[in-house]
Amino acid sequence: MPESVRAARRYVREAAAYQEPDTPEDALGTLELLASELATNAIRHGARMSPGTSIRVVVDAKPGRTRVEVHDECPTLPYLRPASTLAERGRGLLLVSLMAAAWGCADRDGGKVVWAAVKW
């Protein structure tokens, strides 16, 4: 799993910088972090439905904003949970909601997409 998340971060940074060369460094860093959280959630909760399933990462960069999508094969939509100081995990979407200009999720044929957008 760590290799997949690392690959997602690298892909998002490179794709965003290629699609929109004027993307500021701090926005690229935020995109990497968001990609890491979304990919980790998809691998941990979405792609584990059956062996051999995969996730798909999509980047859409335009002047002033970039959207990252992570698609997986699990139909269960994530939801923002109240933060617990006792829990070891479960803060990923809270972090996404705080760092992204917007985020959301939607049903897709054979699964779902979770996305986050960064603006500058």
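The coordinates are above.
What counts and how
Residues numbered from 1 in each chain as written. Predicted model: local features only at pLDDT ≥ 70, side-chain atom pairs only at ≥ 80, totals over all residues. Heavy atoms only, no water. Helix = DSSP H or I, 4+ residues; strand = E, 2+ residues; numbered from the N terminus. Buried < 20%, exposed > 50% of the residue type's maximum accessible area, 1.4 Å probe, protein only. Polar contact = N/O pair within 3.5 Å; in protein donor to acceptor, adjacent residues only side chain to side chain. Contact = heavy atoms within 4.5 Å. Pairing = 2+ DSSP bridges. Salt bridge = Lys/Arg side-chain N within 4 Å of Asp/Glu carboxyl O. Axes fitted to C-alpha atoms, helices over the stretch in contact; angles between N-to-C directions. Phe/Tyr/Trp six-rings, centres within 6.5 Å; stacked < 30°, edge-to-face > 60°. Lys NZ or Arg CZ within 6 Å of the ring centre and 35° of its normal. Core = buried A, V, L, I, M, F, W, Y, C linked by side-chain atoms within 4.5 Å.

Caption draft 1: View of the side chain of T23. Inspection of the secondary structure assignment puts T23 in the loop between α1 (2-19) and α2 (25-46). Under the relative-accessibility criterion, T23 is labelled buried at 9%. Within the structure, the side chain of T23 is placed 2.6 Å from the backbone oxygen of E20, a separation counted as a polar contact. Discounting chain neighbours no more than four positions away, the residues touching T23 are A16, L28 and W120.

Caption draft 2: Focus on the side chain of T30. Considering the arrangement of structural elements, one finds T30 in helix α2. On the basis of relative accessible area, T30 is assigned to the buried category, the value being 16%. Ignoring any residue separated from it by four or fewer positions in sequence, one finds T30 in contact with M99 and V118.

Caption draft 3: Spatial organisation of the pairing of strand β3 (residues 102-108). Judged from the seven bridges that link them, β3 and strand β4 (residues 111-119) form a sheet pairing that is antiparallel. Counterpart to G104 in the pairing with β4 is W115.

Caption draft 4: Up close: the pattern of salt bridges. Summed over all chains, the structure comprises six salt bridges. With its nearest N and O atoms 3.0 Å apart, the salt bridge here joins K62 to D60. The class of K62 is partly exposed, set by a relative accessible area of 40%. The partner of D72 in a salt bridge is K112, with the nearest N and O atoms 2.9 Å apart.

Caption draft 5: Broad picture of the sheet that holds β3. Read from one edge of the open sheet, four strands run β1-β2-β4-β3, paired in antiparallel fashion. In the strand order of this sheet, the two ends are held by β1 (56-62) and β3, each with one partner. In this sheet, neighbouring strand axes are inclined to one another by 15° on average, regardless of whether the strands run parallel or antiparallel. Sheet topology note: the strand β2 (residues 65-72)/β4 ladder contains eight bridges and is antiparallel. By the bridge assignment, D72 is partnered in β4 with K112.

Caption draft 6: Structural detail: the packing of aromatic side chains. Considering all chains together, one arrives at zero aromatic pairs under this definition. Over the ring of W115 we find R67, and its NZ or CZ is 4.2 Å from the ring centre.

Caption draft 7: Representation of the nonpolar core within the structure. With 24 residues, the main nonpolar core has V12 and L31 as its most contacted residues. When contributions to this core are tallied by element, the ones reaching two or more residues are α1, α2, β1, β2, α3 (92-99) and β4. Among the elements that make up this core, the one with the highest residue count is α2 (nine residues). In contact with L31, not counting residues within four places along its chain, are V12, A16, T66, V68 and V118.

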